[in-house]
Structure formats: structure tokens, C-alpha cells
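Coordinate analysis (summary)
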Amino acid sequence: MDLILVNLIDGLVTGLLLFMLSAGLTLIFSMMGVLNFAHASFYMLGAYFAYQISIALGFWMGLLIAPLIVGVLGAGVERYGLRRVHQYGHVPELIFTFGLALLIEEMVQFVWGKNQMPYSVPEILNFSAFAISGNSIPAYKIFMIFISISIFIGLLYVLTKTRVGMIIQAALSYPRTVEALGHNVPLIFMGVFGVGTALAGVAGVIAGPVLGTFPGMAFVLGSIVFVTIVIGGLGSLWGALFASLLIGWITTFAKAYNVKMESILNAIGFTTPENMDESMLRDLWSLTSPQIADILPYILMVLILIFRPAGLFGKRTQ
Amino acid sequence: MNDQITTDPSKPAQRMRAGSLTLTLAPWIISAVFLAILPQIFTNNSTLTIMNQMSITIVFALAYNMLLGQGGMLSFGHAVYAGVGGFAAMHIMNMSDFFASIPLVVLPVFAGLFGMGLAMIVGSFSTRGAGTVFAMISLGVGELIAACSVIIVAFFGGEGGVSGDRTYAQPFFGVEFLQQIEVYYLTAAWVIISAALMYLWSRTPVGRMANAVRDNPERAEFLGYSARWVRFYSFVASGFFAGVSGGLFAINYEILTEENLNTASSGVILLVTFLGGVGYFFGPIIGAIVFTLLQTVLSLSTELWAIYAGSLFLATVMFFPGGFAGLIMMHVAPFKLGKLRLLIMPYIKTLIPAAIGILGLAALVEMTFHVRHAAAGDNEMTLFWTTFDSHSLIAWAIAGAVTLIGLGIARVTAPSLKEAWDEANTAGGAS
């Protein structure tokens, strides 16, 4: 029971981290209709910038400044890159962001090298908040949960309650009408792209000390973020939240509880073959849940795409 | 071969051109002869290895372009079909009784069949839509199978991969494929065969319908064709040829690992195909040749080759979405007008300074990298056959000046190049 609680918190941290990335990505998708492959790269840039700033000015300035730089970079990419490629159609746009992701990874290796950076949790948060039957929960995890939830609430507030949010929502659905009403739609798009990438930057800043700041960090998270927004339904903020938490918990629990395929198969009524080494299915029998924890989201995504292509919360029919 | 894939509506009788047999066959015969005499010019083994690598990439890129260029389907996990084909070929190599009864030359067919089988399974649900849904399913399936390679050890061999020995096959007219040159001829023959088959496929009604479904699926449906089945056929055929390329890989390297399946390889083939140009049949061939050269030659001389390749890729997407093939085909119109020579001087005036400027920029990049990452006290670096102190101001000044002057001249002469280009593309007028 206690272990369940610990895993619930761990899964919540992973899920909310995923959400900070997928929220921006799903906004950008509903705006431009294009999946930004480089989104996780901005997350990586956030972590690296914050590390560099934290050396000189400390962690908190990094948390403040790094996302701003990332956001400006993102807006620049939209203005000078994507807007140009947009005229050629969707596939070149997708390919452009894909190439950008590759290039950013190379650039990061060029500047910071291939090794992990010694970017660590700030002293002030480096203590154990409380313990659940011997499992101590670090204060930094609570801090991560706090930051992500406040960002989610802030985002929801801006999008639904403020004038800016109304214009953004209108521009997502009827860009031409909004333009005719005198709003600068390309500027709105650029702004949304910048804010989305800045959110990814925030995620990078707070995840860097825990998950490690290394050139592969974008690649590790990149495809999972896609999976998240596809499962949640492309363009749906609530869907992104739901899917992020779902994936966070599924992977955490699959890793924490060592369920063996053998016991499942035995329970259904199959008997374990005598000669395991000669059986063609020996790998199926020796399968355990921690082994497949990382591919569970992909299985889920393929199933969702087959049976409900719009995603769990999606309205868009392809 | 330089026949445009996209049908020109103003020429309904485009197929009539096939009547001129010599014109159709010429590129194939020339390339076959070229491939045959190439080892006479480059005789050492490392060059042969590069050429084999090139050939494998050509087959794979052409198969990939059956999806991307001809069918309009963007796949992020196509390495899986090549990989599974290759693994199957590897397992056939290890079945000593069966392998001893077939000649090595037909092994790629088996690999192709396995790639095709997997494509049939995946295609049965992934080809319902094109666009984003297809791309996402391909990514998911790709990641799934790549992750399975560590779990399903019986087929994928885990971390170490699967290895075998090609020489146990039945000798093919006495050839046992012990030497690199023999493998080269086998690969070259397969390149010609598969390229020809893929070209012929693009001329069949199914291949034509793939273009129609890419451009306007709704209209194709109204004409009575099922867009889904057309996509499915393209997907399966592409899976077959991807499998063939995997089989060729197995024959060449005699080992397959997780690296042949993962997303990075899928990304590379997308890069290769797009760099070459997706709009034309021969685009991926150029892409494969250029990329393999970049990969092998450039990676020997600099650690940063991936940065250059990535920048080239991004520049291609942004400025020349037609790729190299598109660039070449842009010159057909001036050529037909007989005004190609008008472009020679402006090209020299703009492109040579631009190239020098880009080399200068590369030098600056290399020097920055050296200053940042070389061991402390190691100030000497060698660049463009000169050795100098990377911390000295003079070196930086020279590289900076070369960059500025080169790019500056290119910028100044660019308008006259554009004028010449417009002039060369206008019919009539004094030349």
C-alpha cells in the first residue's frame, strides 16, 4: 500500500513533466497542423542553458532566464524557418522540424561535448520532504509537481479567461476571420510557438538535474511526447494532461512491480514448456514487465491509432 | 530514367514516349556499364566497401521514395523493414542445410519476402490514412520493433546481433563470394535489377494510382479506386525492396544488430531521400551517392561531419525542396531553349566565392571546436593541409576575412545571377 503511494508520486512527477512538453506541442499542432519534431530539442536546450546560467548566477536565475532564451529561439525558428517551409506543404514542414532536431543535437554536442553535465539540484531543495514507510520523497520532486501544476493552471487561465487567450483560441479555429478583424495572426502564431517552446524549456530546466543533462536527453523523451499527444488526441489540452499522467503511471508501475509473463500465462491456463531453450517462444515466457515498461506507451499508441485514430479526447477527424 | 514522375496534365500522351526504346533503355545500359567498369578504376578494398554501402543505400532510398515521393506517405520507421529482411537473411545463412542448397545471389529475394510480410501486417492497419496518422503509426511501430530487438533474443540476437557466413552458400557458377570484388558485382547487379523493377512499378497502373492518391485521394476514390488499397500496395512493394536492401546488407557485412532497425537509421534514409529529391525517380540515387560520400569521406577528415550534413539537409528543405534532382531538372528548360551557356559566367561569379566563403565558415567552426575541446596546451591544428596555432589571432583573422569576402562577393553578384537565370528561362530574345 505504501509502495503504491510512492509510485503514485513518482508517476505523477513523470506525467507532469511529460505534460509540460506535450501541452506546448499540442498547442503548436492545433495552430499549424504540424507536429514539431524539434520540441524535445528545445527541452534539451532549456536544460543546457539553465546549467550554463546556474554556474554564473545560480539555479533560480536559470529557471527564470533559460526558458525566455528558449522561447525567443523558438519564435525565431517559426519566423525564419517554419514560415518559409510552410508554403511547400505539411510533409516538408515535418521534415524540417525533424532535421532541426538532428541539428540541435549536433550543436549541443559541439558546444558542450558528449558527456553529461554536472547540473544538480540546488542546495536549498536538496533534502527529503517526508518519508512514506522508509521511502523518502525528495523535496525537489514536490517542487517539480508544484511548478508543473501552477503552469497548467496558469495556461488554462490565460487560454480561457483572458482576452489574449480568446484571440488565440479564435485564431486556432478561424485564422482568416480573426485576421479580418484586425489581429496580426502570424504574430499570434509566432507567439504561441515561442510560448510552447518556452514551456518545453521550463520542463528542461527542472528535469535536467533529475534526469541528467546529456546530448541524448531530447531523443529519450522526444518520441514519448508524440505518443502522449497522439494518445490524448491531437490538439486537446485536457487529452494531453490525461495521456501524460496515464503514461507516467503505466511506466512507473510496470517498472516497480515485477510481473512475469510466465505467471500471467500460467494463470490463463498454459503450462510452462519443459525445454525452455529449444522453444521458439522462450523470449515470450521470460518476459517481465520492467523489460517492456518503456515500450508500453508505443503499444498503447498503435492500439489507439487503430481503434480510435482521433485519440482519447480528440475531435479532429483525419 | 530522367523521366518526370509527376504526370504533366498538358501531355496526356506522355506514355507515348516509352515508344522510343533507345531513349528509355539508354540510362540503364549506361549505368550498368558504369557499375561494371567502376572497380577497374578504383581497385582497393576500402573503395569497394564504400561503393557497396552506396549501392545498398540506393536500393533502400529508392524503396523509401516509393512511399514518400510516389505515394506521399512519410514514414519514420522504415529501417524496420530493411532490418527485419536483413535479420531473416542472416537466419537463412545460419540454416546450414537449406543455405547450402541455394546460391547466395537469390538470398535478397528471401530477405525481401520477409520485409514484404512485415509490411503486409503493418500496412493492414497503417495505410488507412496518409499524412500525420500514417507518420505516427510508422514511428510507433518502428520504436516498438526496435525495442523488441533487445527483448526477443531468439530472432534479433539481443545486444550482439546475429552474424553468419555468406560463403557456405551453394557456389554460383563456381563463385563462392570470398572476395570483396565478387560481392561488389552481386550488389551492383541487384541495384540495377531492383532499380529497374521499381522504375517499372512506377509505370504500372498501380504506380500511377499511387501518384493520384498522393495528390488527391478524394478524387481517386470517386474514380472508383480505393485509396487505402493503393497505399497498401505501394507500402508492401516498398517493404519488399527495403527487405532486399537489408538482405544485401547482410551479405556485405555478415552481421546485423539493433542499429539496423532503430529510429536513427530510419531518419538517415529520410535524410538521404529528401536530399536527393523526392520528386524524381533518380533523386534518391543522387542522394544516396552524395550522402555516402559525405559520410565516409567527410567523417574521415572531421568529427563535425554530422553538423555539416544536418545544415545541408535543413538548407535543402528550406531553399530547394526539390533536392539535388530538383536542382538538376531546373536546368532542363534553359537547356531546351539553348541558353544554358548564359548561366556559366554568373554561376562562376557567384558560386565560387560562395563556396570559398562557406569553406571559411567551416574553418571558423572547426577552430572554435578545437579551441573548446582539444586538450589544454594542444594549440596546433591542421586544416586544409596547413598546420597552425588555433589560439593565434592571425588564423582567426584570415578565416574570418575569407568568410566575409567570399560571402560578400556572392551577395553582390547574386542579383546578376538571378537576372541571367530569368533571361535563360525566357524563350526567344537576343542571346
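How each quantity is defined
- Residues numbered from 1 in each chain as written.
- Chains lettered and ligands numbered in written order.
- Predicted model: local features only at pLDDT ≥ 70, side-chain atom pairs only at ≥ 80, totals over all residues.
- Domains from an automatic or database assignment.
- pLDDT = per-residue confidence, 0-100.
- Helix = DSSP H or I, 4+ residues; strand = E, 2+ residues; numbered from the N terminus.
- UniProt positions renumbered as here; feature names shortened; annotations may be inferred.
- Buried ≥ 20, exposed ≤ 12 C-beta atoms within 10 Å, placed from the backbone.
- Contact = placed C-beta atoms within 7 Å.
- Pairing = 2+ DSSP bridges.
- Core = buried A, V, L, I, M, F, W, Y, C linked by C-beta atoms within 7 Å.
- Nonpolar A, V, L, I, M, F, W, Y, C, P; charged D, E, K, R; others polar.

A closer look at the domain arrangement of chain B
When cut into domains, chain B gives domain 1 (14-291) and domain 2 (334-424). Here the C-alpha centroids of domain 1 of chain B and domain 2 of chain B sit 37 Å apart.

What to know about the confidence of the model for chain A
Looking at chain A as a whole, the pLDDT averages 84, with 95% of positions reaching at least 70. Mean pLDDT per element in chain A: helix α12 (residues 282-285) of chain A is the minimum at 69, and helix α2 (residues 39-57) of chain A is the maximum at 90.

Side note on the UniProt feature "transmembrane region" (unreviewed entry) in chain A
Residues and elements named next belong to chain A. UniProt annotation of "transmembrane region" (unreviewed entry) refers to residues 12-37, 49-73, 94-112, 142-160, 181-207, 213-231, 238-257 and 295-314 when read in the numbering used here. For the annotated span residues 12-37, helix accounts for 81% and strand for 0% of the residues, and the straight-line distance between the end C-alpha atoms is 24 Å. Its end C-alpha atoms 41 Å apart, residues 181-207 is made of 85% helix and 0% strand.

A closer look at the environment of Ala82(B)
All names here are of chain B. Structurally, Ala82 is set in helix α3 (residues 79-94). The exposure class of Ala82 is buried, given the 34 C-beta atoms found within 10 Å. Separated by 153 residues in sequence, Ala82 and Phe235 have C-alpha atoms that sit 13 Å apart. Residue contacts for Ala82: discarding those within four places in its chain leaves Phe60, Gly115, Ala242, Gly243, Ser245, Gly246 and Asn260.

Considerations on the pairing of strand β1 (residues 128-132) of chain A
Residue and element names in this part refer to chain A. The element β1 is largely exposed, with a buried count of zero among its five residues. Across four bridges, β1 lies against strand β2 (residues 135-138) in antiparallel orientation. Bridge pairing in β2 places Ile132 opposite Asn135. Two successive antiparallel strands, β1 and β2, enclose a turn made up of two residues, where Ser133 displays a positive phi of approximately 40°.

Looking at the environment of Ile142(A)
Residue and element names in this part refer to chain A. Structurally, Ile142 can be placed in helix α5 (residues 139-161). Given 15 C-beta atoms within a 10 Å radius, Ile142 is considered partly exposed. Taking the C-alpha atoms as reference points, Ile142 and Ile9, 133 residues apart in sequence, are found 8.8 Å from one another. Contacts of Ile142, omitting those with residues within four sequence positions, involve Ala129 and Ile137.

A look at the nonpolar core
Within the largest apolar cluster, 177 residues are counted, with the highest numbers of intra-cluster contacts made by Leu21(A), Tyr43(A), Ala47(A), Ala203(A), Val230(A) and Val59(B). No other element matches the 14 residues that helix α1 (residues 2-32) of chain A contributes to this core. Ignoring anything within four residues of it in the chain, the contact list for Ala47(A) reads Tyr119(A), Gly204(A), Val205(A), Ala207(A), Gly208(A), Thr213(A) and Met217(A). With five residues, the next largest nonpolar core counts Ala210(B), Val213(B), Ala227(B) and Val230(B) among its residues.

With respect to the interface of chain A and chain B
Counting from both sides, the interface comprises 40 residues of chain A and, opposite them, 34 residues of chain B. When contributions to the side of chain A that touches chain B are tallied by element, the ones reaching two or more residues are α3 (59-85), α4 (90-112), α9 (217-232), α12, α13 (289-292) and α14 (296-307) of chain A. Looking at the side of chain A that touches chain B element by element, the count peaks at 14 residues for α4(A). Among the residues making up the side of chain A that touches chain B, the classes are represented as 28 nonpolar, seven polar and five charged.

Focus on unusual backbone geometry
In most cases, non-glycine residues show a negative phi, while peptide bonds are predominantly trans. At Glu254(B), a residue that is not glycine, the phi angle is positive and equals roughly 60°. Here Glu254(B) is to be found in the loop between α11 (227-253) and β2 (255-256).

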